[in-house]
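Each chain, letter by letter, is given below.
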Amino acid sequence: MGHLVPNPNAQADGRTTTELGAVLPKTAEVRTSRLFVGGVDLVELARDQGTALYVMDVEHIKHQLTSYKEAFDLDITVAYAGKAFLNKAMVRILAEEGCYLDVSGGGELAIALAAGFDPAHVIVHGNNKTVQELTEAIEAGVGLIVVDCLEEIERISRIATERGIEQPVLLRIKPGVVADTHDYIVTGAEDSKFGFGITDGMAEQAVRTALENPGLKLKGLHIHLGSQIFSIRPYAEALGVLAAFAELMHTTYQCAPEILDLGGGLGIAYQASDEPATIAEYGRLITQHVTEAFGNVGAPEPTIIVEPGRSIVANAGVTLYTVGAIKDLKGIRCYVAIDGGMTDNIRPALYDARYEAVIANKANQARDTLVTLAGKHCESGDMIAVDASIQTPEVGDIVAVLGTGAYNATMSSNYNAQVRPAVVFVEQGAATVVQRRETYEDLLRRDLG
Ligand SMILES: *Cc1c(COP(=O)(O)O)cnc(C)c1O
């Protein structure tokens, strides 16, 4: 991790908690010295529930879903990407808000079904869905399966015809558009393990194969450019590529796409200085370019699905930790050790992701101390925030790391046999534990000795 080299120019930003703006959950407020979210005192919550603790602002999640529904001047379906954050309580919010759900793999589908979610509103993804996963999805009656490879077309055809089902599918297309984000989360480029390329003829072959095989109904196309995308121009470019391909489908195969699924990827503010495009800007751009690009296709304009994940939940989430030790290495850096780390948030180790933090019990003070928040695991790279500004830390303080609602809980692990944190939903002064903390018994449940 290159950024662990001491940076003599690093300075605390001195911002107060409230100056962190869009990084905070919508309902965050400072009352006297404490940080509240959803009307709940996070310091008391940490005492009641223990730390590490994931806290989610329900009003924030609902606000983001509504923003997507309102951002497009088009017939739009919002399909939340479950891999960002998923449990039964989250699934129920989606159902209440009239949203669809993207699942990747049988486990996510099982969570959706366990919560009573309408399978017709489920979209199934994955670049190598197993025969068992495809069978589970088709038998459940999922709305759409997004086909990623030729082998899958034959598998779906066989499973569906055996059951007398005609399964609606989309084809995942690589539009050959490169979004500006981390290499590991770019997915729309030509060199990607996901989907069918257009230039190499694979997409057209997939259309032919889908039309030739019984038991599946080709409804349209899917793209996903990547994640944490700040500049939304590539979506307009991709729409142009899709429209050209739609025209070929229409003229050569008489199967113009009825549905265009544009994936997710809109970025969020992890740091106060981050300025991602807004949901409203994204909606306007897509509205304009769908109409423009499909004006010449000669077939009815397709209905649009968008699949946001991170931008729904990331800033709704805060992770609470207790400071256990402080090592001030003079002239190098000050390590503040917290009671969690890469097991509850792998993103700094995986992507060099950066996070803002505040001390929840000193939330009214300026963040004028530069520290490195170190996890408790046996890896030097187990850092949650390097050169982060926080209030002057002391042992026993409750640190709130911000923007942890996406790709934290769902990427958590039991490394060092660490038990996973509980998840608490906060709303209008009430805190509800929606996933309990793991126990040592949970760790031993699969161990058959
Ligand atoms: C991950 C993913 C999403 C969600 O991406 P975000 O960057 O979290 O918005 C949407 N669709 C597909 C197919 C994905 O793989």
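One can find the structure itself at the top, above this paragraph.
Structural notes, computed from the coordinates. (Residues numbered from 1 in each chain as written. Predicted model: local features only at pLDDT ≥ 70, side-chain atom pairs only at ≥ 80, totals over all residues. Heavy atoms only, no water.)

1. Section: the packing of helix α5 (residues 131-140) against helix α6 (residues 150-162)
So, point 1. Where α5 meets α6, the axes come as close as 10 Å, and the angle between the chain directions of the two elements is 50°. Taken as axis vectors, α5 and α6 run oblique relative to one another. Where α5 crosses over α6, the two elements pack in a sense that is right-handed. Counted together, Val131, Leu134, Thr135 and Ile138 of α5 and Glu152, Arg155, Ile156, Arg158, Ile159 and Ala160 of α6 form the full contact between these two elements.
So, point 2. Along the lines of polarity and charge, the residues of the contact of α5 with α6 split into 6 nonpolar, 1 polar and 3 charged. (Axes fitted to C-alpha atoms, helices over the stretch in contact; angles between N-to-C directions. Helix = DSSP H or I, 4+ residues; strand = E, 2+ residues; numbered from the N terminus. Parallel < 35°, antiparallel > 145°, perpendicular 65-115°, else oblique. Left-handed = near helix turned anticlockwise from the far one by under 90°. Contact = heavy atoms within 4.5 Å. Nonpolar A, V, L, I, M, F, W, Y, C, P; charged D, E, K, R; others polar.)

2. With respect to the packing of helix α2 (residues 58-71) against helix α3 (residues 88-96)
So, point 1. Remark: α2 packs on α3, axes separated minimally by 11 Å, with the N-to-C direction vectors making an angle of 40°. Taken together, the axes of α2 and α3 lie oblique to each other. As for the relative orientation of α2 and α3, their crossing is right-handed in sense. In contact with Val58, Ile61, Lys62 and Leu65 of α2, α3 contributes Met90, Ile93, Leu94 and Glu96.
So, point 2. Looking at the contact of α2 with α3 residue by residue, the classes come out as 6 nonpolar, no polar and 2 charged.

3. Some points on the sheet that holds strand β3 (residues 40-41)
So, point 1. Taken in spatial order, the 3 strands make up an open sheet running β1-β2-β3, and their pairing is antiparallel. A single partner strand is all that each edge strand has here, and the edge strands are β1 (29-31) and β3.
So, point 2. Bridge count between β1 and strand β2 (residues 34-37): 3 bridges; the pairing is antiparallel. By the bridge assignment for β2, arginine 31 is matched with arginine 34. (Pairing = 2+ DSSP bridges.)

4. Some words on the site of the ligand
So, point 1. The environment of the ligand is formed by 15 residues, the closest being Lys83, Ser227, Glu307, Arg310 and Tyr407.
So, point 2. Taking lysine 83, its side chain carries an N or O atom lying 2.6 Å from an oxygen atom of the ligand.
So, point 3. Between the ligand and the protein, one listed contact pairs an oxygen atom with a backbone N or O atom of arginine 310 at 2.8 Å.
So, point 4. A majority-of-atoms criterion places the ligand in the largest pocket.
So, point 5. In terms of residue class, the shell around the ligand is built from 3 nonpolar, 7 polar and 5 charged. (Near = heavy atom within 4 Å. Polar contact = N/O pair within 3.5 Å; in protein donor to acceptor, adjacent residues only side chain to side chain. 1 Å grid on protein atoms, 1.4 Å probe; cavity = no way out; pocket = protein on both sides within 12 Å on 5 of 7 lines; lining within 4 Å. Sits in = over half its atoms within 2 Å of the grid points.)

5. Describing empty space enclosed by the protein
Empty space among the atoms becomes visible once a probe the size of a water molecule is rolled across them.
So, point 1. For the coordinates displayed, the defined rule picks out 3 cavities of 30 Å³ or more.
So, point 2. Taken as a whole, the second largest cavity spans an internal volume of roughly 50 Å³.
So, point 3. Along the walls of the second largest cavity sit Val103, Gly105, Gly106, Leu109, Val124, Lys129, Glu133, Leu134 and Ala137, which together make up its complete lining.
So, point 4. Secondary structure elements with two or more residues in the lining of the second largest cavity: α4 (106-114) and α5.
So, point 5. Top contributing element to the lining of the second largest cavity by residue count: α5, with 3 residues.
So, point 6. For the lining of the second largest cavity, the residue count by class is 5 nonpolar, 2 polar and 2 charged. (Points joined across faces, edges and corners; volume = space filled by probe spheres on them.)

6. What to know about the nonpolar core
So, point 1. Grouped together as the largest cluster of nonpolar side chains are 110 residues, with contacts concentrated most on Val313 and Leu373.
So, point 2. Broken down by element, this core gets its largest block of residues, 10 residues, from helix α8 (residues 233-253).
So, point 3. Leaving out residues up to four positions away in the same chain, valine 313 has contacts with Met56, Ile61, Tyr80, Ala84, Phe85, Met90, Gly405 and Ala406.
So, point 4. In this structure, Leu20, Leu42, Ala363 and Ala400 belong to the second largest nonpolar core, which totals 24 residues. (Core = buried A, V, L, I, M, F, W, Y, C linked by side-chain atoms within 4.5 Å. Buried < 20%, exposed > 50% of the residue type's maximum accessible area, 1.4 Å probe, protein only.)

7. Here's the deal with the pattern of salt bridges
So, point 1. Tallying each qualifying case throughout the model produces 19 salt bridges.
So, point 2. Note that aspartate 13 is salt-bridged to arginine 15, the shortest N-O span being 3.3 Å.
So, point 3. What makes aspartate 13 partly exposed here is its relative accessible area of 32%.
So, point 4. The residue glutamate 139 makes a salt bridge to arginine 163 at a minimum N-O spacing of 2.6 Å. (Salt bridge = Lys/Arg side-chain N within 4 Å of Asp/Glu carboxyl O.)

8. As for α4
So, point 1. Buried residues of α4: Gly106, Glu108, Leu109 and Ala112, and no others. Buried residues of α4 fall within an arc of 160° about the axis and therefore sit on the same side.
So, point 2. Residues of α4 that are buried make contact with α3, β6 (100-104), β7 (122-125) and α5.
So, point 3. Just downstream of α4, glycine 116 is the residue with a positive phi angle, here 80°. (Arc of directions from axis to C-beta.)

9. So, helix α7 (residues 202-212)
So, point 1. Among all positions in α7, only Ala203, Ala206, Val207, Thr209 and Ala210 are buried.
So, point 2. Each element contacted by the buried residues of α7 is listed here: α6, β9 (167-174), β10 (196-197), β11 (216-222) and α8.

10. Concerning the layout of surface pockets
So, point 1. In this model, the largest pocket occupies a volume close to 1,100 Å³.
So, point 2. What lines the largest pocket is a set of 47 residues, and nearest its centre among them are Gly82, Lys83, Glu108, Tyr407 and Thr410.
So, point 3. At the level of elements, β6, α4 and α10 (310-313) are the ones that each hand at least two residues to the lining of the largest pocket.
So, point 4. With 3 residues, the top contributor of residues to the lining of the largest pocket is β6.
So, point 5. Here the residues of the lining of the largest pocket sort into 17 nonpolar, 17 polar and 13 charged.
So, point 6. One number sums up the size of the second largest pocket: a volume of about 330 Å³.
So, point 7. Residue lining of the second largest pocket: 20 residues in total, with Ala22, Lys26, Gln64, Pro276 and Asn315 positioned closest to the centre.
So, point 8. Sort the elements by how many residues they give to the lining of the second largest pocket and α2 lands first, with 4 residues.
So, point 9. By residue class, the composition of the lining of the second largest pocket is 9 nonpolar, 9 polar and 2 charged.

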